[in-house]
Amino acid sequence: KIPPIVARGVLFDMAAHFGTDIVKEGTAFNSKEIEEVAKKQGVEIRQGDVVLFHTGWVGLIGKDDKRYNAGEPGLGVDGAKYLASKGVVAVGADTWGLETVPFETKNIFEVHQILLPMNGTYILENMNTGPLAADKAYEFLFVLGVPRLTGAVQGIINPIAIR
């Protein structure tokens, strides 16, 4: 029942922000970090946006699978509440679970709970954000046709960014 998504996309290059190719696992992106990167990149978050984070994490696949699967940088609890308050449609990243692991709190996948059931904000994981970050494509048209699966909690998607 998920509709196709056509929206303004915004990329936050967290790897550049932290001055690294791959952001360290356990690093949380909260409102402070998001606002700092938005200012640095000259973008703003608007209602209806799709927000993506580039961390370099997906680059570990096939090179350091143990590290890739053991943890990840990602959206923090405050960051999730901040983005939900902005009315974004979806939040995604080049990580397997979007939120920081290890978790900031004792609540398991609290960011998922804040975004999905509490606010109806879709989650996009394992996004290939590298080309967008390399091109400094911080704003773009985000297009996503969703697969028609019944009873699934996730699916293989092929989003497109158009500048």
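About the cut-offs
Residues numbered from 1 in each chain as written. Predicted model: local features only at pLDDT ≥ 70, side-chain atom pairs only at ≥ 80, totals over all residues. Heavy atoms only, no water. Helix = DSSP H or I, 4+ residues; strand = E, 2+ residues; numbered from the N terminus. Buried < 20%, exposed > 50% of the residue type's maximum accessible area, 1.4 Å probe, protein only. Contact = heavy atoms within 4.5 Å. Axes fitted to C-alpha atoms, helices over the stretch in contact; angles between N-to-C directions. Parallel < 35°, antiparallel > 145°, perpendicular 65-115°, else oblique. Nonpolar A, V, L, I, M, F, W, Y, C, P; charged D, E, K, R; others polar. Pairing = 2+ DSSP bridges.

Draft legend 1. Region of the structure containing the side chain of R8. Along the chain, R8 falls in strand β1 (residues 5-13). Overall, R8 belongs to the buried group, its relative accessible area being 18%. Non-local contacts of R8, meaning those with residues more than four positions away in its chain, are made with E44, R46, D49, V50, E139 and F140.

Draft legend 2. Region of interest: the packing of helix α2 (residues 31-41) against helix α4 (residues 77-86). As a packed pair, α2 and α4 sit with axes 7 Å apart at the nearest point and diverge in direction by 60°. By the angle between their axes, α2 is oblique relative to α4. Across the interface between the two elements, S31, I34 and E35 from α2 touch D78, G79, Y82 and L83 from α4. Of the residues contributing to the contact of α2 with α4, the split by class is 3 nonpolar, 2 polar and 2 charged.

Draft legend 3. Looking closely at the sheet that holds strand β6 (residues 122-124). Strand order in the open sheet made by the 6 strands is β6-β5-β3-β1-β7-β8, with mixed pairing throughout. Since the sheet does not close on itself, it has two edges, and those belong to β6 and β8 (160-162), each with one partner. Between one strand axis and the next, the sheet turns through 30° on average, direction left out of account. Relative to β8, strand β7 (residues 139-144) runs antiparallel, the two being bridged by 3 bridges. Note on β8: the bridge partner recorded for F142 is A161.

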